[in-house]
Amino acid sequence: MAKRRRLPALIKDMGFCIFKKPFTREYPAVKVEVPEGYRGRHIFYPEKCISCGLCERDCPSKAIELIEVSGKRMPHFYLDRCIFCYQCAEGCPRDAIKFSANFEMSTTEKKELVITPEEFLSKQKVTADGRKQNVA
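For clarity, every value in this text was computed on a predicted model and none was experimentally measured. All residue numbers refer to positions counted from 1 along the written sequence of the respective chain. The predicted origin of the model limits local features to residues at a pLDDT of at least 70 and limits the giving and counting of side-chain atom pairs to 80 or more, whereas totals for whole chains, interfaces and linings rest on all residues. Water and hydrogen atoms play no part in the side-chain values, which are based on all heavy atoms of the structure.

**Some details on the pattern of salt bridges**
- A carboxyl oxygen of Asp or Glu within 4 Å of a side-chain nitrogen of Lys or Arg is what we treat as a salt bridge. Summed over the entire model, instances satisfying the criterion amount to four salt bridges.
- Residues lysine 31 and glutamate 104 are paired through a salt bridge, measuring 3.5 Å at the closest nitrogen-oxygen approach. With lysine 31 in the loop between α1 (7-19) and β1 (42-44) and glutamate 104 in the loop between β4 (97-99) and β5 (114-115), this pair connects stretches of sequence that are 73 residues apart.
- With a relative accessible area of 58%, lysine 31 lands in the exposed category.
- For arginine 41, the salt bridge identified is with glutamate 119, shortest N-O distance 3.3 Å. With arginine 41 in the loop between α1 and β1 and glutamate 119 in helix α4 (residues 117-122), the pair connects residues that are 78 residues apart, well separated along the chain. For the pair arginine 41 and glutamate 119, a shared accessibility class is recorded, and that class is buried. Only runs of H or I of at least four residues qualify as helices and only runs of E of at least two qualify as strands under DSSP, and these elements are numbered from the N terminus. A simple rule labels every residue: compare its accessible area, found with a 1.4 Å probe on the protein chains alone, to the largest value its type can have, and call it buried under 20%, exposed over 50%, or partly exposed in between.

**What to know about the sheet that holds β5**
- When DSSP finds two or more bridges between two strands, those strands count as paired. The three strands are arranged β2-β3-β5 in an open sheet whose pairing can be described as antiparallel. Two strands bound the open sheet, and with one partner strand each, they are β2 (64-69) and β5.

**Here we look at the environment of lysine 62**
- Secondary-structure assignment places lysine 62 in the loop between α2 (54-58) and β2.
- Classification of lysine 62 as exposed rests on a relative accessible area of 53%.
- Along the primary structure lysine 62 and phenylalanine 77 are separated by 15 residues, whereas in three dimensions their C-alpha atoms are 9.3 Å apart.

**Remarks on the packing of aromatic side chains**
- Centres within 6.5 Å make a pair out of two Phe, Tyr or Trp rings, where for Trp the six-membered ring is used; the pair is then stacked when the planes are under 30 degrees apart, edge-to-face when over 60, and tilted otherwise. Going through the model one piece at a time under the given rule, you end up with six aromatic pairs.
- Centroid distance tyrosine 27 to phenylalanine 103: 6.2 Å. Interplanar angle 45 degrees. Geometry classified as tilted. Pair noted here: tyrosine 27 is in the loop between α1 and β1 and phenylalanine 103 is in the loop between β4 and β5, with a separation of 76 residues, a long-range link.
- When the centroid spacing of 6.5 Å and the interplanar angle of 40 degrees are considered together, the rings of phenylalanine 84 and tyrosine 86 count as tilted.
- The class for phenylalanine 84 is partly exposed, based on a relative accessible area of 22%.
- An aromatic cluster is defined as three or more aromatic residues linked by ring pairs; in this entry it consists of Tyr27, Tyr38 and Phe103.
- Working rule: Lys NZ or Arg CZ, within 6 Å of ring centre, within 35 degrees of ring normal, means a charge sits over the ring. Sitting over the ring of tyrosine 45, lysine 48 keeps its end group 4.8 Å from the ring centre.
- Between the NZ or CZ atom of arginine 81 and the centre of the ring of tyrosine 78, over which it lies, the distance is 4.3 Å.

**Observations regarding the nonpolar core**
- Here, nonpolar core refers to any group of buried Ala, Val, Leu, Ile, Met, Phe, Trp, Tyr and Cys residues whose side-chain atoms link them within 4.5 Å. Among the nonpolar cores identified, the biggest contains 24 residues, and Phe44, Cys55, Ile64, Phe77, Leu79, Cys88 and Ile97 are the most heavily contacted of them.
- Going through the elements one at a time, β1, β2, β3 (72-78) and α3 (87-91) are the ones with two or more residues in this core.
- At three residues, β2 tops the list of elements feeding residues into this core.
- By definition in these notes, contact holds between two residues if any of their heavy atoms fall within 4.5 Å. Filtering out sequence-adjacent residues up to four positions away, phenylalanine 77 remains in contact with His42, Phe44, Ala63, Ile64, Ile97, Leu113, Val114 and Ile115.

Given below as structure tokens:
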């Protein structure tokens, strides 16, 4: 004996699906709020850096390399290797490395996943009280 489908139950289920709110978000149009403490793209404050090298030493994935910039050794971040554990930020004695809420790092070019100290030196602006502040 062949099973008969219950047409009223099928129509009832289709009605629920049609009038239900969607579970997904329209991401590019509606921006996503990241939770507090999210570990996104690095922010580096070159004026706070004392060239101690703890960030390079503490990085488990070897995603930080110290390079010479204007007579001072500063970190060079490789985001393609980074596991975003932020041992570098936790180990920094001067809080020169912070994390941001920026998670939009997808790219087709590997060179765009490299953060150089020069990038943060060029993004500094002088505030009204004469202090330098990063705008990244």
